[in-house]
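# Structural features, examined
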Amino acid sequence: MENLNVNQSSSANEADVFPGKLQRRAFLQYAGASAAALALTTAGCKKDRSPILSFGATLDFKDDFGVLNYAYALEQLEAAFYTQVAANPPAGFTTAQKNYFQDVQYHEIAHREFFKKALGTAAIGSLEVDFSSINFSDGASVLAAAKTFEDLGVAAYNGAGVRLKTDAYLVIAGQIVSVEARHAAWVRDQISNGSFSDLNDLTALGANVAGGLDGALTPDKVLNAASKYIKTKINVINL
């Protein structure tokens, strides 16, 4: 398969995004503890592994680590987006919308940090994002981007689950995709009230309307769709 070159500029700085709210700290600490536990269960498999060194990032789908790195890449993208919105929300956002983006940034950061810790030395590096196509001062543009990220995230997890061989990772993926679907439903309703469960415009992402099934896409299709938001070159092998 051809390498996927993921596009243009602006990296996000998330070093100071954790205000001292107990419940959020606890959530992140829980995610970190879970990651450490899973990392220990796979230590025997990982201790001889080292990340593939190349220009950009390489996702090697020959085993679970490729899938986890794929999820890690997508969670980096979402965490960067939500952190930027939460730091400077559009002036037209309601209080509820501002609170949503404040809260969801912690979900996405927790997801990102979980995969980073679980992967250990096998983790890809930090991706450089490109949000130049998003008008962060315009509420409609921000909500549209959030809908894109969440719908794509749901389709990504659903499409990649079949590649996971470790039960513990499959359980975690299921727990995360259900949270992403909650995000998608909320954002969809902000754009068009009552549309939270409408699958009709998700057929391009693999949704089955008659079967009541959400979207599911293979990693190559997801990465192509996400490429406009990522500057770092992503190499895909063994897909």
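Refer to the preceding data block for the structure.
The structure contained in this document is the topic of the report that follows. Owing to the predicted nature of the structure, the values given are computational and were not obtained by experimental measurement. Each chain has its residues counted from 1, following the order in which its sequence is written. Residue-level local features of this predicted model are given only where pLDDT is at least 70; pairs of side-chain atoms are given and counted only at 80 or more, and the full residue set underlies all totals for whole chains, interfaces and linings. Where side-chain values are given, they derive from all heavy atoms of the structure, hydrogens and water being excluded.

## Some remarks on the overall build of the protein chain
Quick note on the threshold: By definition, any uninterrupted DSSP run of H or I lasting at least four residues is a helix, any uninterrupted run of E lasting at least two residues is a strand, and each is numbered from the N terminus. Summary of the burial criterion: residues with accessible area below 20% of their type's maximum are buried, those above 50% are exposed, and those between are partly exposed, where the area comes from a 1.4 Å probe applied to protein chains only. Here, two residues are considered to be in contact whenever any of their heavy atoms come within 4.5 Å of each other. Surface accessibility follows the Shrake-Rupley procedure with a 1.4 Å probe radius. Residue values consider only the protein chains on display as shielding.
Within the protein chain one finds seven helices and three strands. Counting over 239 residues, the protein chain shows a buried share of 48%. Sequence-distant contacts, at least 24 apart, represent 80% of the contacts inside the protein chain between residues at least 6 apart. With the model as given, the accessible surface of the protein chain reaches about 11,500 Å², and the carbon-plus-sulfur share is 53%.

## Topic: the side chain of R188
Note on placement: R188 falls in helix α6 (residues 167–191). Setting aside anything within four residues of it in sequence, one finds R188 in contact with K147, D151, S195, F196, D198, D201 and L202.

## A short note on the nonpolar core
In plain terms, the rule: Nine residue types can take part in a nonpolar core, namely buried Ala, Val, Leu, Ile, Met, Phe, Trp, Tyr and Cys, and a core is a set of them joined through side-chain atoms within 4.5 Å.
Counting 62 residues, the largest nonpolar core has Y70, F81, F101 and F131 as the members making the most contacts within it. Broken down by secondary-structure element, the contributors of at least two residues to this core are β2 (57–60), α3 (64–87), α4 (95–119), α5 (139–160), α6, α7 (219–226) and β3 (233–237). When residues in this core are grouped by element, the largest group, 13 residues, is from α3. Once you skip the residues sitting within four places of it in the chain, F81 turns out to touch F101, F131, I134, F136, V142, A145, A146 and F149.

## A closer look at the packing of α4 against α6
Heads up, the rule is: Here, axes are lines fitted to C-alpha atoms. For helices the fit covers the stretch in contact, and angles between N-to-C directions go from 0 to 180 degrees. Roughly parallel covers angles under 35 degrees, roughly antiparallel covers those over 145, roughly perpendicular covers 65 to 115, and oblique covers all other angles. Handedness of a helix crossing follows the sense of rotation of the near helix relative to the far helix, less than a right angle counterclockwise being left-handed and clockwise being right-handed. Throughout, the ten residues Ala, Val, Leu, Ile, Met, Phe, Trp, Tyr, Cys and Pro are labelled nonpolar, Asp, Glu, Lys and Arg are labelled charged, and all others, Gly among them, are labelled polar.
In the contact formed by α4 and α6, the axes pass within 12 Å of each other and the chain directions differ by 160°. The orientation of α4 with respect to α6, classified from their angle, is roughly antiparallel. The handedness of the crossing between α4 and α6 comes out as left-handed. Mapping the contact onto sequence places A96, Q97, Y100, V104, H107, E108, H111, F114 and F115 in α4 and I172, I176, V179, E180, H183, W186, V187 and Q190 in α6. Taken together, the residues that form the contact of α4 with α6 break down as 10 nonpolar, five polar and two charged.

## Quick notes on the pattern of salt bridges
To be explicit about the condition: The term salt bridge refers to a pairing of a side-chain nitrogen on Lys or Arg with a carboxyl oxygen on Asp or Glu at a separation within 4 Å.
Tallied over the full model, the rule gives six salt bridges. In this structure, the salt-bridge partner of K231 is E128, at a minimum N-O distance of 3.9 Å. Here K231 is found in the loop between α7 and β3, whereas its partner E128 is found in the loop between α4 and α5, with 103 residues between them in sequence. We note a salt bridge from R188 to D201, for which the minimum N-O separation is 3.0 Å. Note that R188 is positioned in helix α6 and D201 in the loop between α6 and α7, a separation of 13 residues in sequence. The structure contains a network of salt bridges with shared partners spanning K147, D151, R188 and D201.

## Topic: the environment of D220
So the rule is basically this: Any N or O atom pair separated by 3.5 Å or less is treated as a polar contact, with the protein-specific requirement of one donor-capable and one acceptor-capable atom, and with residues adjacent in sequence counted only for side-chain atom pairs.
Topologically, D220 is positioned in helix α7. A relative accessible area of 22% means that D220 is categorised as partly exposed. C-alpha of D220 to C-alpha of A156: the two residues are 64 residues apart in sequence and 9.7 Å apart in space. A distance of 2.5 Å separates polar atoms of two side chains, one belonging to D220 and the other to T218.

## A short note on the packing of aromatic side chains
Filter applied, for reference: Each Phe, Tyr or Trp ring (for Trp, its six-membered ring) is paired with any other whose centre lies within 6.5 Å, and the angle between the two planes then decides the class: stacked below 30 degrees, edge-to-face above 60, tilted in between.
Within the structure shown, the criterion is met by 15 aromatic pairs. Both rings, one in Y100 and one in F101, keep their centres 5.1 Å apart while their planes meet at 85°; by these two values the pair is edge-to-face. The pair formed by Y100 and F101 is uniform in burial state, with each residue classed as buried. Consider the rings of F114 and F115, whose centres lie 5.3 Å apart with planes at 80°: the pair is edge-to-face. As far as burial versus exposure is concerned, F114 and F115 are alike and both buried. Members of the aromatic cluster, each reached through a chain of ring pairs, are F81, Y82, F93, Y100, F101, F131, F136, F149, W186 and Y229.

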